[in-house]
Amino acid sequence: MERNNIENNNNNLVEVINLKKYFSVGKKKLKAVDDVSLSIKRGETLGLVGESGCGKSTLGRTIVRIYEPDGGKIFYDGKDITRIKTRKEHLDFCKKAQIIFQDPYASLDPYMTVGQIISEGFEIHNMYKENGARKEKVHELLRLVGLNDEHSNRFPHEFSGGQRQRISIARALAINPEFIVCDEPISALDVSIQSQIINLMNELKEKMRLAYLFISHDLNAVRYVSDRIAVMYLGSLMEVAESDTLYNQPRHPYTQALMSAVPVPDPKKEREKERILLEGDVPSPIDVPPGCPFSTRCPYAEAICLKEKPELRDLGDGHHIACHMAG
Ligand code: SF4
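About the thresholds
- Every chain's residues receive numbers from 1 upward, in the order its sequence appears when written.
- The predicted nature of this model means local features are confined to residues of pLDDT at least 70 and side-chain atom pairs, given and counted, to a pLDDT of 80 or more, with totals for whole chains, interfaces and linings taken over all residues.
- Side-chain calculation: all heavy atoms of the structure are included, whereas hydrogens and water are not.
- In this description a helix means any DSSP run of H or I spanning at least four residues, a strand means any run of E spanning at least two, and both kinds are numbered starting from the N terminus.
- For every residue, the accessible area (1.4 Å probe, protein chains only) is compared with the maximum for its type, and the residue is labelled buried under 20%, exposed over 50%, or partly exposed between those bounds.
- A contact between two residues is defined here by any heavy atoms of the two lying within 4.5 Å.
- DSSP-based pairing: two strands are paired if at least 2 bridges between them are found.
- Domain delimitation follows an automatic or database domain assignment.
- Accessible-area loss on putting two parts together, using a 1.4 Å probe and summing over both, is the definition of buried area adopted here.
- Salt bridge criterion: a side-chain nitrogen from Lys or Arg within 4 Å of a carboxyl oxygen from Asp or Glu.
- In protein, a polar contact requires one atom able to donate a hydrogen and another able to accept it; more generally it is a pair of N or O atoms within 3.5 Å, and residues adjacent in sequence count only if both atoms are side-chain atoms.
- The near set for a molecule or strand comprises every residue that places at least one heavy atom within 4 Å of it.
- The classification used treats Ala, Val, Leu, Ile, Met, Phe, Trp, Tyr, Cys and Pro as nonpolar, Asp, Glu, Lys and Arg as charged, and all other residues, Gly among them, as polar.
- Each residue carries a pLDDT score, the predictor's confidence in it, ranging from 0 to 100.
- In this analysis, the expected span of each helix is defined as 1.5 Å times one less than the number of residues it contains.

## Comments concerning the overall build of the protein chain
Then, number 1: What the protein chain contains, in helices and strands, is 10 helices and 12 strands.
Then, number 2: Reported as C-alpha extents along the three principal axes, the dimensions of the protein chain are approximately 70 × 50 × 40 Å.
Then, number 3: Across the 327 residues in the protein chain, those meeting the buried criterion constitute 51%.
Then, number 4: The contacts in the protein chain between residues at least 6 apart in sequence include a share of 63% that link residues at least 24 apart.

## Section: the pairing of strand S10 (residues 236–242)
Then, number 1: Counted residue by residue, S10 has six buried out of seven residues, so it is predominantly covered.
Then, number 2: Examined bridge by bridge, strand S9 (residues 228–233) and S10 share six bridges and lie antiparallel to one another. In the strand pairing of S10, Tyr233 is matched with Ser236.
Then, number 3: Taking the residues that link successive antiparallel strands as the turn, the S9-S10 hairpin has two residues, and the phi of Leu234 there is positive, at about 50 degrees.
Then, number 4: For S10 and strand S12 (residues 320–321), the ladder comprises two bridges, and the chain directions are antiparallel. Looking across to S12, one finds that Val240 is bridged to His320.

## Thoughts on the pairing of strand S4 (residues 71–76)
Then, number 1: As judged from the five bridges shared by strand S1 (residues 12–25) and S4, these two strands associate in the antiparallel manner. From the neighbouring strand, Glu15 faces S4, where its bridge partner is Phe75.
Then, number 2: Two elements, S4 and strand S5 (residues 79–80), share two bridges in a ladder whose sense is antiparallel. Across the sheet, the residue bridging to Tyr76 is Lys79, located in S5.
Then, number 3: Taking the residues between adjacent antiparallel strands as the criterion, S4 and S5 are bridged by two residues, where Asp77 takes a positive phi near 50 degrees.

## What to know about the domain arrangement of the protein chain
Then, number 1: Each domain of the protein chain was delimited in the assignment, giving domain 1 (3–226) and domain 2 (239–327).
Then, number 2: Look at where the C-alpha atoms of domain 1 and domain 2 centre, and you get two points 27 Å apart.
Then, number 3: Counting residues at the interface gives 18 residues for domain 1, matched by 19 residues for domain 2.
Then, number 4: Roughly 1600 Å² of surface becomes buried between domain 1 and domain 2 when both sides are summed, with 52% attributable to carbon and sulfur atoms.
Then, number 5: Remark: the boundary between domain 1 and domain 2 carries three salt bridges.
Then, number 6: Of the charged contacts, one joins Lys28 and Asp287 as a salt bridge, the two residues approaching to 3.3 Å between their closest N and O atoms.
Then, number 7: In this structure, the connection of domain 1 to domain 2 is made through seven residue pairs in polar contact (both at pLDDT 80 or more).
Then, number 8: Put simply, the parts of the chain that give the side of domain 1 that touches domain 2 at least two residues each are strand S2 (28–41) and helix H7 (219–225).

## Concerning the site of the ligand
Then, number 1: Neighbouring the ligand are 13 residues, the closest being Cys292, Cys298, Cys305, Cys323 and His324.
Then, number 2: A per-class count over the shell around the ligand returns 10 nonpolar, three polar and no charged.

## Examining the confidence of the model for the protein chain
Then, number 1: Averaged over all residues, the pLDDT of the protein chain is 92; the fraction at 70 or higher stands at 97%.
Then, number 2: Scored below 50 in pLDDT, residues 1–8 shows 25 contacts in the model against residues more than four places distant or in partner chains.

## Some thoughts on helix H4 (residues 133–144)
Then, number 1: If you check H4, its first and last C-alpha atoms are 16 Å apart, about what 12 residues at 1.5 Å a residue would give, namely 16 Å.
Then, number 2: Restricting attention to buried positions, one finds in H4 the residues Ala133, Lys137, Val138, His139, Leu141 and Leu142.
Then, number 3: In this fold, the buried residues of H4 make contact with helix H3 (114–124) and helix H5 (161–173).

## A word on the side chain of Asp34
Then, number 1: Within the secondary structure, Asp34 is located in strand S2.
Then, number 2: The class for Asp34 is buried, based on a relative accessible area of 12%.
Then, number 3: A polar atom in the side chain of Asp34 sits 2.7 Å from the side chain of Tyr22.
Then, number 4: Among residues more than four places away in sequence, those in contact with Asp34 are Leu19, Lys20, Tyr22, Gly235, Ser236 and Lys309.

Right, dumping it as structure tokens:
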């Protein structure tokens, strides 16, 4: 097992090592996640960015074991949870690690009241059994996410998109998790509502010392919530760095192109900024090119890039990059 390319210290709540998740498409394999290693510390938000279809949602879902991994290891709080089998092991892990989905319209059962939705986990995990305790906890959670007690008797269709995402967050928090995968939690919402949900998630993170894997294609939103950011392309990580470092000094050619497309608030700087336009399309994840996954579009590709896949390596200060030419 390779542990050399990620930080291995006791603060790590989540450690993913050489994780693979493939899907069969006819006789071929779609390599949605291909040898990904990363770590997330307690109380940390790791942003995960990349274009649609790069495998970021699959990675998040595999980490919380919605998908069975096809290779590699996942450690949670030092325990190997890759091969958990029994119902008890699954329940113990679910209690600590939750997921919030992109679409608050589809992820809430329309036939259940908000109170029933939020308290579903109490039944499963045998929590708050005393008389009235569950109702009281539901009210507490509703207030925590900016709703009120009376909302517990209503149905999801009676709420706006932003309110529904607040309900999803309350449901995820109900069983006191430590880690939440946020799978594009704002992309289905109106722009005016997005910042409210992001602010709420930041507040909850501080209050409850949560760790997030925050998946989004919105680079500005990711910067606002993340301590560190990982950039994914065609099932592999290209770069991982502190949030500000990644925005101010991206080192990987793919990250540089992505960042050059992010609008900056200062109109003068925006005009002066050089936009890097990549040629060609993203190859199909069914036919990932040999060598570096980015080689078909990289302006700096050399012969080695077409043959050998670069490892994600530490350039110092935790700045990791997967590029033969880096450093
Ligand atoms: Fe470009 Fe080669 Fe670096 Fe890949 S390894 S990003 S192809 S220079």
